[in-house]
Amino acid sequence: MMPDSSDSPLWLFCLALYARPEVAESCLNLQDRCHADVGIILYLLWLASLKRRLNDTAIERITSTTQDWRERVIKPLRALRRGLKNSQSMPTQTAAERLRQPLKKLELHAEKLHLQRLFESTQPSLPGDHSDDIIEACRSNLEIYNQTLGNRFNIADIDTLIHAMNLETGAPKQTNGRS
């Protein structure tokens, strides 16, 4: 999706980060295997890029703010789009693909609205700390989100996202035995 003049800084950050090598794959792994919300992951990384390290109360507020939209809009659109991928009920695979493409655009637009809601409604008032280290804030934000989901994240996916954040922000490469 191409950016336009009405795009928030959060959306522009998400487009740039998601386009980095292996980021999409890691995000989708976390979504499909761990039931994580990719929008929330990207939002937490964006906040970390602003040197914001959140606490568990803030991350719980973020998840509750968008849960209804995610459950009622984004997940059904995704399930419908994915269900058409190898559908035997469609007359042809070409017909299925023609139906999938507008659904994919609609799903992406719903995700953009999801991020816009986060950008407008939660960002200024979230409790947390300022961090001098962007990468430490990334790890902290993702770890707390992981804890709220029951510690399901694969460390390799987190490391991929942290590496991409190093590239995105120009932060010096951090090592703590996981890189």
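Structure's up top.
Just so it is clear, the model here is predicted, and its values are computed rather than measured.

Trainee: How should the nonpolar core be read in this particular structure?
Mentor: The tendency in soluble globular proteins is for nonpolar side chains to be buried as a group. Ranked by internal contacts, the top residues of the largest apolar core, which has 41 residues, are Tyr 43, Leu 45 and Tyr 145. Secondary-structure elements contributing two or more residues to this core are α1 (9-18), α2 (23-34), α3 (38-49), α4 (56-85), α5 (93-121), α6 (134-148) and α7 (155-169). For this core, the element with the most residues is α3, which contributes 10 residues. Listed in part, the five residues of the second largest apolar core include Ile 74, Leu 77, Leu 84 and Leu 103.

Trainee: What is the right way to read α3 from this model?
Mentor: Residues spaced three or four apart along an α-helix point in a common direction, a consequence of the helix completing one turn every 3.6 residues. An ideal rise of 1.5 Å per residue puts 16 Å on 12 residues; α3 measures up with 16 Å between its terminal C-alpha atoms. Burial within α3 is extensive, with 12 of its 12 residues counted as buried. Along α3, the residues that are buried comprise Val 38, Gly 39, Ile 40, Ile 41, Leu 42, Tyr 43, Leu 44, Leu 45, Trp 46, Leu 47, Ala 48 and Ser 49. Between a side-chain oxygen at the N-terminus of α3 and the backbone nitrogen of Gly 39 the separation is 2.8 Å; the capping residue is Asp 37. Lys 51 sits one or two residues past α3 and shows a positive phi near 65°.

Trainee: Is there a simple way to think about unusual backbone geometry in this case?
Mentor: Excluding glycine, residues mostly have negative phi values, and the peptide bonds linking residues are mostly trans. Of note, the phi angle at Lys 51 is positive, near 65°, even though the residue is not glycine. Within the secondary structure, Lys 51 is located in the loop between α3 and β1 (52-54). Take Lys 51: its relative accessible area is 30%, and that puts it in the partly exposed class. One non-glycine residue, Asn 151, adopts positive backbone phi at about 55°. Along the chain, the position of Asn 151 falls in the loop between α6 and α7.

Trainee: Before we go on, may I ask you to explain the packing of aromatic side chains in this structure?
Mentor: Pairs of aromatic rings are described using the distance from one ring centre to the other and the angle between the two planes. On inspection of all chains with the given rule, the structure shows three aromatic pairs. Relative to Phe 119, the ring of Trp 46 lies with its centre 5.6 Å away and its plane at 55°, an arrangement referred to as tilted. Of this pair, Trp 46 sits in helix α3 while Phe 119 sits in helix α5, and the two are 73 residues apart along the sequence. Under the relative-accessibility criterion, Trp 46 is labelled buried at 6%. Between Tyr 145 and Phe 153, the aromatic rings sit 5.9 Å apart at their centres with planes inclined by 65°, giving edge-to-face as the arrangement.

Trainee: Where do I start with the pattern of salt bridges in this structure?
Mentor: Proximity of charged atoms lets side chains of opposite charge pair with each other. All told, the structure shown has 11 salt bridges when counted by the stated rule. When the shortest N-O distance is used, the salt bridge between Arg 72 and Asp 68 registers 2.6 Å. Here the residue Arg 72 and the residue Asp 68 both occupy positions in helix α4, the gap between them amounting to four residues, near one helical turn. Since its relative accessible area comes to 64%, Arg 72 is described here as exposed. Of the charged contacts in the structure, one is a salt bridge between Glu 71 and Lys 75, with a shortest N-O distance of 3.0 Å. Linking Glu 71 with Lys 75, this pair stays in helix α4, spanning four residues, or about one helical turn. In this structure Glu 71 comes out as partly exposed when scored by relative accessible area, which is 35%. A single network of salt bridges, built from pairs that share partners, joins Arg 78, Arg 81, Glu 107 and Glu 111.

Trainee: Looking at this structure, how should I read α6?
Mentor: Compared with an ideal rise of 1.5 Å per residue, which puts 15 residues at 21 Å, α6 spans 21 Å between its outermost C-alpha atoms and is within 8% of the ideal. The buried count for α6 comes to 11 of 15 residues, which makes it a mostly enclosed element. Regarding α6, the residues found buried are Ile 134, Ile 135, Ala 137, Cys 138, Arg 139, Ser 140, Asn 141, Leu 142, Ile 144, Tyr 145 and Asn 146. Where α6 begins, the capping side chain belongs to Asp 133, and its oxygen is found 2.9 Å from the backbone nitrogen of Ile 135.

So, how was this worked out
- Residues numbered from 1 in each chain as written.
- Predicted model: local features only at pLDDT ≥ 70, side-chain atom pairs only at ≥ 80, totals over all residues.
- Heavy atoms only, no water.
- Core = buried A, V, L, I, M, F, W, Y, C linked by side-chain atoms within 4.5 Å.
- Buried < 20%, exposed > 50% of the residue type's maximum accessible area, 1.4 Å probe, protein only.
- Helix = DSSP H or I, 4+ residues; strand = E, 2+ residues; numbered from the N terminus.
- Expected span 1.5 Å × (residues − 1).
- Polar contact = N/O pair within 3.5 Å; in protein donor to acceptor, adjacent residues only side chain to side chain.
- Phe/Tyr/Trp six-rings, centres within 6.5 Å; stacked < 30°, edge-to-face > 60°.
- Salt bridge = Lys/Arg side-chain N within 4 Å of Asp/Glu carboxyl O.

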